[in-house]
Amino acid sequence: MIIILIFFLVLISTVILIILINDFNVKGFYAREFKHKKILFIYPHPDDETLASGGLISALPKNNFFVISVTKGEKGNEKFKLSPKDLGKLRENEFRRAMARLGVKNFEIWDFSDGGINTQSHELFNKISDFIVKNKIDTVATFERTGIYGHQDHVALSKMVNDLNTVSKLFSTLPLKIEKLYNIQGRIKNLDLVKNSNNEPPEFKIFTGFSIIKRYYALKSYRSQHLGHRLPLLLKLILMPFEYYTTNWTKEDVTNI
């Protein structure tokens, strides 16, 4: 009897926290509404794709989309004291393992410089454009205009995607509640890349609760990175079972990088 009571108390507490943390005023979409789209998920570093869009990725027909990491993340050494070359190899292997755990069939990892996407913008823009034409992509997904927390690679890639004229865009973003939870506004101000520190507000959210276990093990593939931050990773996924997106991009709020 006591065990049952504890179970229900934990369940009720979890539901209350989900309601408090997430924004239920944002319109809800189902992942199946994108199943006929030919989507390119393109993110700057290995793990960005799973953190931002892992739920939608795992829910789509496996032959109908592509996932690309633009860099090998060789500068993002959070745990191990490795050279950029060795870390790049490790993170490339982590990316491949994560793709297998999400069931992704079509993926690539490119070799642009981690931390230097803005210096290679012309070459990268042309490569993305060629990939879109070759693979008949109609929708491109990446971070919104501030890159969630102002990382220069996130911001630069977001601007490139926004400049594409032949496709629809899907920008991963966060509601104000979650921004405040992680003090994201403060982190953006410190980087001085964005004039307006607020992320682009979400137009809709997608429930990804059915893919929590897949996303968890995909993210666990990235053992070189600290992904739990303030909350243990599994708890974070349980309490925030939505991915938030917008199709808007406010150009005047981003500096020339």
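If you're wondering where the values come from, they're calculated on a predicted model, not measured in any experiment.

Q: Help me understand the sheet that holds strand 3 (residues 65-71), please; the structure alone is not making it clear to me.
A: In a beta sheet, neighbouring strands pair by backbone hydrogen bonds and run either parallel or antiparallel. Strand order in this open sheet of 8 strands is 1-7-8-6-5-2-3-4, and the pairing throughout is mixed. Only two strands of the sheet have a single neighbouring strand rather than two, namely strand 1 (27-29) and strand 4 (107-112). Direction aside, the axes of adjacent strands within the sheet are offset by 30° on average. In terms of strand pairing, strand 2 (residues 39-43) meets strand 5 (residues 139-143) through 3 bridges, oriented parallel. When the sheet's bridge partners are listed, Leu40 is paired in strand 5 with Val140. Against the sheet, helix 3 (residues 84-102) touches strand 3 and strand 4, its axis set at about 160° to strand 4.

Q: Looking at this structure, I do not really get the pattern of salt bridges. What am I missing?
A: If charged atoms from side chains of opposite charge come close, those side chains can pair. One pass over the full model with this rule turns up 7 salt bridges. Put simply, Asp111 and Lys72 hold a salt bridge, and the shortest N to O gap is 4.0 Å. Taken together, the residues span a long stretch of sequence, with Asp111 in strand 4 and Lys72 in the loop between strand 3 and helix 3 at a distance of 39 residues. Residue classification places Asp111 among the exposed residues on the basis of a relative accessible area of 60%. With a relative accessible area of 22%, Lys72 lands in the partly exposed category. Salt-bridge contacts for Glu243 lead to Arg215; the nearest nitrogen and oxygen are separated by 3.8 Å. Taken together, the residues Glu243 in strand 8 (residues 242-246) and Arg215 in helix 8 (residues 212-220) connect sequence positions 28 residues apart. Look at Glu243 and you get buried, because its relative accessible area is 3%.

Q: So what exactly am I meant to see when it comes to helix 4 (residues 121-135) here?
A: Since one α-helical turn is 3.6 residues long, residues separated by three or four positions face the same way. Taking 1.5 Å of rise per residue, 15 residues should cover 21 Å, and helix 4 covers 21 Å from first to last C-alpha, within 8% of that figure. All buried positions along helix 4 are accounted for by Leu124, Ile128, Phe131, Ile132 and Asn135. One side of helix 4 carries all its buried residues, which in axial view fall inside an arc of 100°. Facing away from the buried side of helix 4 by over 90 degrees, the exposed positions are His122, Glu123, Asp130, Val133 and Lys134. Where the residues of helix 4 are buried, they touch strand 2, strand 3, strand 4, strand 5 and helix 5 (152-162).

Q: When you look at the pairing of strand 2 in this model, what are you seeing that I'm missing?
A: A regular strand places its side chains on the two faces of the sheet in alternate fashion. The element strand 2 is largely enclosed, with a buried count of 5 among its 5 residues. With burial as the criterion, each face of strand 2 is covered, one bearing Ile39, Phe41 and Tyr43 and the other bearing Leu40 and Ile42. Where strand 2 meets strand 3, 5 bridges bridge the pair, whose relative direction is parallel. Considered in strand 3, the bridge of Ile39 is made with Phe65.

Q: Would you take a moment to explain the pairing of strand 6 (residues 168-173) for this structure?
A: Summarising burial for strand 6: 5 of the 6 residues are buried, a large majority. Direction of pairing for strand 5 relative to strand 6: parallel, over a ladder of 5 bridges. Its bridge partner being in strand 6, Thr142 is matched across the sheet by Phe171. Note on the crossover from strand 5 through helix 5 to strand 6: the handedness is right-handed. The sheet contact formed by strand 6 and strand 8 spans 3 bridges and is antiparallel. Looking at the pairing, Thr173 lines up with Tyr244 of strand 8.

Thresholds, definitions, all that
Residues numbered from 1 in each chain as written. Predicted model: local features only at pLDDT ≥ 70, side-chain atom pairs only at ≥ 80, totals over all residues. Heavy atoms only, no water. Pairing = 2+ DSSP bridges. Helix = DSSP H or I, 4+ residues; strand = E, 2+ residues; numbered from the N terminus. Axes fitted to C-alpha atoms, helices over the stretch in contact; angles between N-to-C directions. Contact = heavy atoms within 4.5 Å. Salt bridge = Lys/Arg side-chain N within 4 Å of Asp/Glu carboxyl O. Buried < 20%, exposed > 50% of the residue type's maximum accessible area, 1.4 Å probe, protein only. Expected span 1.5 Å × (residues − 1). Arc of directions from axis to C-beta. Right-handed = clockwise from strand over helix to strand, strands pointing away.

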